[in-house]
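Here are the chains, one letter per residue:
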Amino acid sequence: MSYTHEEIEARLRAAAANLDSGFDRAGFVARAADEGLVDVAWCRVDSPVGPLVVAGTGAGLLAVSFDEADAALGPIAEHVSPRILEMPDRLDPVRRQLDEYFAGRRHRFALSLDRRLSRGFRATVLRALEAVDYGQTVSYAELAARAGNPQAFRAVGSAMATNPIPIVVPCHRVLRTGGGLGGYAGGLEVKRWLLDLEGVGTPPA
């Protein structure tokens, strides 16, 4: 039997509402995993920049989101699979590396990435962005050139705004020409915090 994300969560909520039901959440999760019913694992991660939702598949890390779980998982259910379950253990390497990054002990992530939520030129831009190292920055125009289309700096801005894996794919390292902060899905204070963490002097917004 196959369950959608909504059906799985409904069963878990029903069990939580009736503690005498004997519902075994750990057993349910284990059975779902053993029977191949889960395509996407997700969990919440506490961080210095606020709570994050991370999600991954067998192919790798799929998403890092500043949104609440429902908003973060909706596009995944639509574009990847609705068979989503909260399974923190599957994302232990992601959580550990994020913790190390926020503590200043990790300058490069060593994670496989599932890039299915990015397509076309946006995917090309994000690939180019992965080469921008810790403590470095690049302008939207420079990143457009690296992605093979120097005139497409507006499209680069769109790619940054829709980056499904921020922090790990470091869109916070992209600034306006002249050094202005530009935008950031997590908010400009988060962008400033991340740049400060990496030792980059941050200009006014």
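Everything below is about the structure shown above.
Residues numbered from 1 in each chain as written. Predicted model: local features only at pLDDT ≥ 70, side-chain atom pairs only at ≥ 80, totals over all residues. Heavy atoms only, no water.

### Thoughts on the overall build of the chain
Selection rule: Under the DSSP-based scheme used, a helix requires at least four consecutive residues in state H or I and a strand at least two consecutive residues in state E, with every element numbered from the N terminus. Each residue is assigned to one of three classes by its accessible area relative to the maximum for its type, calculated with a 1.4 Å probe on protein chains only: buried under 20%, partly exposed between the two thresholds, exposed over 50%. Any pair of residues with heavy atoms lying within 4.5 Å of one another is described as a contacting pair.
Counting its regular elements, the chain contains eight helices and six strands. Walking the chain from its N terminus toward its C terminus, one meets helices and strands in the order α-α-β-β-β-α-β-α-α-β-α-α-β-α. Evaluated residue by residue, the chain yields a buried proportion of 46% over its 205 residues. Residue pairs at least 24 apart in sequence account for 59% of intrachain contacts in the chain once pairs closer than 6 positions are excluded.

### Here we look at the sheet that holds strand β2 (residues 52-57)
Using the following cut-off: The rule for pairing is simple: two strands pair if DSSP sees at least two bridges between them. To get an axis, a line is fitted to the C-alpha atoms, and for a helix only the part in contact is used. The angle between two axes follows their N-to-C directions and goes from 0 to 180 degrees.
If you trace the four strands from one edge of the open sheet to the other, you get β3-β2-β1-β4, paired in mixed fashion. Single-partner strands in this sheet number two, and they are β3 (60-65) and β4 (84-86). Averaged over all neighbouring strand pairs, the angle between strand axes comes to 25°, with direction disregarded. Across five bridges, β2 lies against β3 in antiparallel orientation. Paired with V54 across the two strands is V64, which belongs to β3.

### Here we look at the pattern of salt bridges
As a reminder of what qualifies: For this analysis, a salt bridge means a side-chain nitrogen from Lys or Arg found within 4 Å of a carboxyl oxygen belonging to Asp or Glu.
Enumeration according to the criterion identifies nine salt bridges in this entry. In this structure, R83 engages D39 in a salt bridge whose closest nitrogen and oxygen atoms are separated by 3.0 Å. Separated by 44 residues along the polypeptide, R83 in the loop between α3 (69-79) and β4 and D39 in the loop between α2 (25-34) and β1 (40-45) bring together distant segments of the chain. With its nearest N and O atoms 3.6 Å apart, the salt bridge here joins R44 to E86. Here R44, found in strand β1, pairs with E86, found in strand β4; they are 42 residues apart in sequence, far enough to count as distant. R44 gets classed as partly exposed once you look at its relative accessible area, which sits at 47%.

### Structural notes on the pairing of β2
Most of β2 sits inside the fold, with six of its six residues counted as buried. Across five bridges, β1 lies against β2 in antiparallel orientation. Residue pairing for β2: V45 is matched across the bridge by L52. The loop that links β1 with its antiparallel partner β2 comprises six residues; one of these, G50, has a positive phi angle of about 110°. In this antiparallel pair of consecutive strands, β2 and β3, the connection spans two residues.

### Topic: the packing of helix α5 (residues 120-129) against helix α7 (residues 153-161)
Spelled out, the test is: The scheme is simple: roughly parallel for angles under 35 degrees, roughly antiparallel for over 145, roughly perpendicular for 65 to 115, oblique for anything else. Under the scheme applied, nonpolar residues are Ala, Val, Leu, Ile, Met, Phe, Trp, Tyr, Cys and Pro; charged residues are Asp, Glu, Lys and Arg; polar residues are all the others, including Gly.
In the contact formed by α5 and α7, the axes pass within 9 Å of each other and the chain directions differ by 80°. As the angle between them shows, α5 and α7 are arranged roughly perpendicular. Facing F121, R122, V125, L126 and L129 of α5, the residues of α7 in contact are A155, V156, S158, A159 and M160. The residue inventory of the contact of α5 with α7, partitioned by class, reads eight nonpolar, one polar and one charged.

### Re α5
Note the following rule: Each C-beta atom gives one direction from the helix axis, and the arc is the one those directions make.
For α5, the set of buried residues is V125, L126, A128 and L129. The buried residues of α5 all sit within an arc of 155° when viewed along its axis, so they share a single face. Facing away from the buried side of α5 by over 90 degrees, the exposed positions are G120 and R127. The inward-facing, buried residues of α5 abut α6 (140-146), α7 and β6 (174-175).

### Structural notes on the layout of surface pockets
Let me state the cut-off plainly: In this analysis the probe radius is 1.4 Å and the grid spacing 1 Å, with only protein atoms considered; a cavity is a set of points the probe fits into but cannot get out of, a pocket is an open set with protein on both sides within 12 Å along at least five of seven lines, and lining residues have an atom within 4 Å of a point. Grid points are joined across faces, edges and corners, and a volume is the space filled by probe spheres set on the points.
Put simply, the largest pocket is a space of about 360 Å³. Lining of the largest pocket is provided by 21 residues; of these, V64, S65, D67, N163 and P164 occupy positions nearest its centre. Contributions of two or more residues to the lining of the largest pocket are made by β2, β3 and α3. Counting residues per element, the lining of the largest pocket draws most heavily on α3, which supplies six residues.

Interpretation in functional terms is not warranted from these geometric data alone.
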